[in-house]
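Reading the structure
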Amino acid sequence: MKLLIVESPAKAKTIEKYLGKEYRVMASVGHIRDLPKSNKDAVDIEGGFTPRYVIVPGKAEVMKRIEEAAEKADEVLLATDPDREGEAIAWHLAEIIKGDKKLKAPLRRVSYQEITKEAIEEALKHPRDIDQNLRRAQEARRVLDRLVGYDLSGLIWKKVRYGLSAGRVQSPALRILMEREREIRAFKPERFFVITADFETPKKKTFMATCSVEPNEEKEAKDIVEKGKKAAWKIADLTASPVKRSPRPPFTTSTLQQAASSRLGYSPSRTMRAAQKLYEAGAITYMRTDSVTLSGQALGSISAFVKKKYGEKYLEVRAYKTKAKNAQEAHEAIRPTNISALRAGSADDESRLYQLIHARTLASQMADAIMTRTKIVATAEGVPEFTATGSTIAFDGWLAADTAAKGEDVILPEVTAGDALKLEKINSEEKFTQPPPRYTEAGLVKELEKRGIGRPSTYASIIKTIVDRGYVLKEGRSLQVTPTGEVVSTFLENNFEKYVSDSFTAEMEDELDQIAIGERGYSETLTEFYKPFSKDVAAKENIEKLTNLGDAPAEFLCPVCGSSMVMKLGRGGVFMSCSRFPECKGSRTETGDVIKDAEPIGTHPETGNPIFVKTGKFGPYVEMPESAENPASAEAEKKGKRKSKAKKPKAKRASIPKDINPSEITIPQAVKLLSLPRELGVHDESGKPITASIGKFGPFIVHDGDFRSLKGKDDPYLITLERAKEILKEPKKNRPGAPVISREVGEHPKTKKRIYLYKSKSGYFLKKGFKRVSVPDNMADVLTPAEAIDILKAA
């Protein structure tokens, strides 16, 4: 038996279909070793930047099963992804498996660009050793990102605010967005006037033309309009010329993310999730690549398809050249593995993305589209020229495959030079120049690639990180820097300008790429960077703390002492603080409302605890502290001892429904809201509690992970234990086509919650919140709780 190891269960499921019974396919479920979360002892800097890897939590059982299978195998084949990350996973697997004294089988590496029967069989004919340079390049990135991230983040915690972070690549990306924000703020709009006229031709056809001059002054615009009304107009010139539109190269990672953003509205991370699913299902080639080349075999099948569907004149075989320096991610563009397959993907996201990839791949090997560009010039004495342009498709070429790129024809009427024109109307419109637009996700990916910051596999995670950290807000499709992001970027630019610059970041990427091709050493590269970097960080230990965002608007004075105020960044966001702080603690919200200590609306009739009305991220709510101050800390304070940092008392909270005005809520109403969740009692069979509450989708009861909606007369505030048991006995209703529970896998050892395996039309899966995590069909009957936990942790 031969053992073949891949990363994901979905990939294992696809490959298993192509191999015979002599192969066993297993999944590592992602990385199995990584640096420890704590920075202490994660990297031995003095020992040549040696990483001290640990088994990823939850992966011990996975490795145990893989090692047991390897002991029985005649050969172990490491078939992880064909990039740095895949090479690193293969190396980590090999390092652990080689430590097993019972292992006798040889360990080899196989790689492929697509998951098809032919590609897998071909890869198995050419096993190789692990590429140590490639995995060293991944290790260098991982170690470098850890050292930079921890050192800079530690300083930002001290000098800006606890919990913030910085990174080797995310910080330059944030700086690019911040530079655009400053451009927008500094922009001064300029007025101009657009003058248009509607004309009628001798054949009674109409068209609109635009003045070639855009005056800045209203008087000049009015002068042109008045003269135009009185003048005699004619056709001065008419030109029609053919224009070629060439297709774009097949997709790389970055161009796929850009096109999916502009065409489909997908974020980079959403695009990559769908692409990953398509790749693992064998529908497309590997999706992390900066190459635009296509294999000879692919070109042959694409050519045959174009000839058959569109005809010989539509075919134009093209060879595109990869522009990216040190392209290392993979060796072929993203394309369908079978060009004849017009549909692929089990979900809508996957299906739409596949159609986009299919269209771009076909178009890249098709003839130019020929457009006829027409221009009409209308003139009158004493008035600037007015022009109208139109275009029509003479030959659609590649646009036949990529119809979404066509645009609309603008057809102008037939005229001849010298024809007299009748002016129907002429007017001017005041406009103002616009500031440069904020970057979209697609625009930022393009900019990062242009500047050499990051690599194809990192673009999606860079954007996700700065959004998740709260440094950037997505407003529609635009990325807007938040006050927190501005403070962090300003701090880094002022104190570490070199390390967040384009040139330094791009040069560092190039050096890391050189490790991958054996032109640079691992230790020397990290030493050259880290020694001066660590000194620069240490030199900033005594700088002043940065939380001020500048002066507050003059009309807002301190509500306590009347002094001026400053804008500051706090844990809850931006607020106004008295300029005399800490002597005076007056404060306002960002919009100028006075911030006061919360006052209770009353006390709970049973506990005597105060009840407050507050507003949080998700709207108004009532809150009741469940315990008073820690008596031990109060006693210590009386004796003059230093007050210990006691934990905040726990509080019970409940959202205020929309039909209740927060300013008018009564104590009885608040008490009722705070009574949920209600523990109704214990289930006779399981011995576990049954609880009633209200959630995102309405009132419900829950017992041991089994949620049931309450409808009709069943009220979460009044329902009895007996009624809840009756509801739980009823068979759970599923909507038509909805997934059903296939079986109970077991109990989670820590949370004690039941783990269920579900089945839908597309296969078996586990649930992680609202997310579905695929499980291979061959594991469905034998899946253990430990395996289920491993799969969920890796998702």
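Starting afresh in each chain, residues are numbered from 1 along the sequence in its written order. With the structure being a predicted model, the display of local features is reserved for residues of pLDDT at least 70 and the display and counting of side-chain atom pairs for 80 or more, all residues being used for whole-chain, interface and lining totals. Neither water nor hydrogens contribute to the side-chain values; these are computed over all heavy atoms in the structure.

1. Overview of the overall build of the chain
Under the scheme used here, helices are H or I runs from DSSP no shorter than 4 residues and strands are E runs no shorter than 2 residues, and both carry numbers assigned from the N terminus. Looking only at helices and strands, the chain features 20 helices and 32 strands. Summarising its shape, the C-alpha atoms of the chain cover approximately 100 × 80 × 65 Å along the three principal directions. Contacts in the chain between residues at least 24 apart in sequence constitute 64% of all its contacts with a sequence separation of at least 6. Working convention for charge: Lys and Arg count positive, Asp and Glu count negative, and His plus the chain ends are omitted. Note on charges: their place is set at NZ of Lys, CZ of Arg, CG of Asp or CD of Glu. Both charge centroids of the chain, one from 134 positive and one from 113 negative side chains, sit 3 Å from each other. We call two residues contacting when some pair of their heavy atoms lies within 4.5 Å.

2. What about the pattern of salt bridges?
Side chains that carry opposite charge are capable of pairing whenever their charged atoms lie near each other. Criterion for a salt bridge: a side-chain nitrogen of Lys or Arg within 4 Å of a carboxyl oxygen of Asp or Glu. Inspection of the entire model under this criterion finds 57 salt bridges. Members of the salt-bridge network, linked through shared partners, are Arg84, Arg141, Asp145, Arg168, Arg455, Glu509, Asp510 and Asp513.

3. Section: the sheet that holds strand β32 (residues 771–775)
Strand pairing is assigned whenever DSSP detects at least two bridges linking the two strands. Here four strands make up an open sheet; going across it, the order is β29-β30-β31-β32 and the pairing antiparallel. The sheet terminates laterally at β29 (740–747) and β32, the two strands that pair on one side only. Shown here is a sheet whose adjacent strand axes are inclined to one another by a mean of 35 degrees, direction ignored. By the bridge criterion, six bridges tie β29 to strand β30 (residues 754–760) in an arrangement that is antiparallel. The residue of β30 that forms the bridge with Glu747 is Arg754. Fitted lines through C-alpha atoms give the axes, limited to the stretch in contact for helices. The angle between two N-to-C directions lies from 0 to 180 degrees.

4. Quick word on a positive patch on the surface
Patch membership needs two things, relative accessible area over 30% and no salt bridge, and members are linked within 9 Å if like-charged or within 5 Å if nonpolar (Val, Leu, Ile, Met, Phe, Trp, Tyr). Surface exposure here means Shrake-Rupley accessible area, sampled with a 1.4 Å probe, where a residue is shielded only by the protein chains that are shown. A contiguous patch of positive charge, built from Arg273, Lys277, Lys768 and Lys771, is present on the exposed surface. Position of Lys771 relative to the elements: it lies in strand β32. Burial here depends on accessible area, computed with a 1.4 Å probe over protein chains only, as a share of the maximum for the residue type. Under 20% is buried, over 50% is exposed, and the range in between is partly exposed. With a relative accessible area of 41%, Lys771 lands in the partly exposed category.

5. Observations concerning the nonpolar core
Among soluble globular proteins, nonpolar side chains are generally buried collectively. Residues Val76, Leu78, Ile97, Leu444, Leu492 and Phe529 are the most contacted members of the largest nonpolar core, which totals 87 residues. Residue contributions to this core peak at ten residues, all from helix α5 (residues 132–159). Among buried residues, the Ala, Val, Leu, Ile, Met, Phe, Trp, Tyr and Cys ones that are joined through side-chain atoms within 4.5 Å form a nonpolar core. Among the nonpolar cores identified, the runner-up in size contains 38 residues, and Ala27, Leu77, Leu264 and Ala275 belong to it.

6. Observations concerning the pairing of strand β25 (residues 678–682)
Every regular strand shows the same layout, with side chains that alternate between the two sheet faces. Sheet topology places β25 next to strand β26 (residues 689–695); four bridges connect them, and they run antiparallel. Pairing of Arg678 across the sheet is with Ala692, part of β26. In sequence, β25 turns back onto β26 through a hairpin of six residues, with Gly687 there showing a positive phi of about 75 degrees.

7. Side note on unusual backbone geometry
The linkage connecting Phe581 with the following residue, Pro582, adopts the cis geometry, with an omega of 15 degrees. Looking at the element boundaries, Pro582 is found in the loop between β19 (573–578) and β20 (587–589). Across the junction of Leu676 and Pro677, the peptide omega takes the value -5 degrees, indicating a cis bond. Of note in this structure, Phe49 is not a glycine but carries a positive phi near 60 degrees. Turning to its location among the elements, Phe49 is positioned in the loop between β4 (43–44) and β5 (50–51). Look at Lys204: it is not a glycine, yet its phi comes out positive at around 65 degrees.

8. Here we look at the sheet that holds strand β17 (residues 548–551)
Pairing in this open sheet of four strands is antiparallel, and the strands run β17-β18-β19-β20 from one edge to the other. Pairing within the sheet leaves two strands with one partner each, and these edge strands are β17 and β20. Each adjacent strand pair in this sheet contributes to an overall mean axis angle of 30 degrees, direction not counted. As paired strands, β19 and β20 are joined by three bridges and run antiparallel to one another.

9. A few points about the packing of helix α12 (residues 441–451) against helix α13 (residues 459–468)
Contact geometry for α12 and α13: axes closest at 10 Å, N-to-C directions at 125 degrees. Here α13 runs oblique to α12, going by the angle between their axes. Judged by the sense of rotation from one axis to the other, the crossing of α12 with α13 is right-handed. For the pair formed by α12 and α13, the contact residues are Glu441, Leu444, Val445, Leu448 and Glu449 on the first element and Tyr459, Ile462, Ile463 and Ile466 on the second. In what follows, roughly perpendicular refers to angles from 65 to 115 degrees, roughly parallel to angles under 35, roughly antiparallel to angles over 145, and oblique to any angle outside these ranges. Here a crossing is called left-handed whenever its near helix is offset anticlockwise from the far helix by less than a right angle, and right-handed whenever the offset is clockwise.

10. Comments concerning the environment of Ser709
Within the secondary structure, Ser709 sits in strand β28 (residues 706–709). Residues Ser709 and Ile727, spaced 18 residues apart in sequence, show a C-alpha to C-alpha distance of 9.2 Å. The contact partners of Ser709, leaving out residues within four places of it in the chain, are Pro699 and Phe700.

11. Looking at α13
Buried within α13 are the following residues: Tyr459, Ala460, Ile462, Ile463 and Ile466. Projected down its long axis, α13 shows its buried positions confined to an angular sector of 165 degrees, all on one face. As for α13, its buried residues are in contact with α6 (170–186), α8 (253–264), α9 (268–280), α12 and β15 (472–475). Positive phi shows up at Gly470, right after α13, with a value of about 80 degrees. In this description, one arc is meant: the one made by directions from the helix axis to the C-beta atoms.

12. Digging into the environment of Thr465
One can find Thr465 in helix α13. C-alpha of Thr465 to C-alpha of Leu256: the two residues are 209 residues apart in sequence and 20 Å apart in space.

13. Quick word on the confidence of the model for the chain
Known as pLDDT, the predictor's per-residue confidence is scaled from 0 to 100. Predicted confidence across the chain gives a mean pLDDT of 89, with 94% of residues reaching 70 or more. Contacts from residues 629–646, a stretch scored under 50 in pLDDT, to residues over four places away or in other chains number seven contacts.

14. Examining the packing of α8 against α12
Interaxial distance between α8 and α12 falls to 8 Å at its minimum, and their mutual angle equals 160 degrees. Considering the angle they form, α8 stands roughly antiparallel to α12. The two elements α8 and α12 meet at a crossing, and its hand is left-handed. Every residue of α12 that contacts α8 at Ser254, Gln257, Gln258 and Ser261 is listed here: Ala442, Val445, Lys446 and Glu449. Basically, the charged four are Asp, Glu, Lys and Arg, the nonpolar ten are Ala, Val, Leu, Ile, Met, Phe, Trp, Tyr, Cys and Pro, and anything else, Gly included, counts as polar. Here the residues of the contact of α8 with α12 are counted per class, giving two nonpolar, four polar and two charged.

15. Focus: helix α18 (residues 667–674)
Among all positions of α18, only Ala670, Leu673 and Leu674 are buried. One face of α18 carries all of its buried residues, which in axial projection span an arc of 95 degrees. In this fold, the buried residues of α18 make contact with β22 (610–616), β23 (619–625) and β24 (651–655).

16. Notes on the packing of aromatic side chains
Here the aromatic set is Phe, Tyr and Trp, taking the six-membered ring for Trp, and pairing holds for ring centres within 6.5 Å; pairs whose planes are under 30 degrees apart are stacked, those over 60 apart are edge-to-face, and all others are tilted. Under the counting rule described, the total for this entry stands at 18 aromatic pairs. Their ring planes at 50 degrees and their centres at 5.5 Å tell us that Phe700 and Phe707 sit as a pair that is tilted. A relative accessible area of 18% means that Phe700 is categorised as buried. For a Lys NZ or an Arg CZ to count as sitting over a ring, it must be within 6 Å of the ring centre and within 35 degrees of the ring normal. When the ring centre of Tyr522 is taken as origin, the NZ or CZ atom of Arg136, which lies over that ring, is 4.5 Å away. A cation over an aromatic ring shows up here: Lys614 above the ring of Phe612, its NZ or CZ 5.6 Å from the ring centre.

17. Some points on the state of the cysteines
Any cysteine sulfur atom paired with another within 2.5 Å is treated as part of a disulfide. Counted according to the given criterion, the structure contains zero disulfides. Sulfur of Cys558: no disulfide; nearest cysteine sulfur belongs to Cys584 and is 3.6 Å away.

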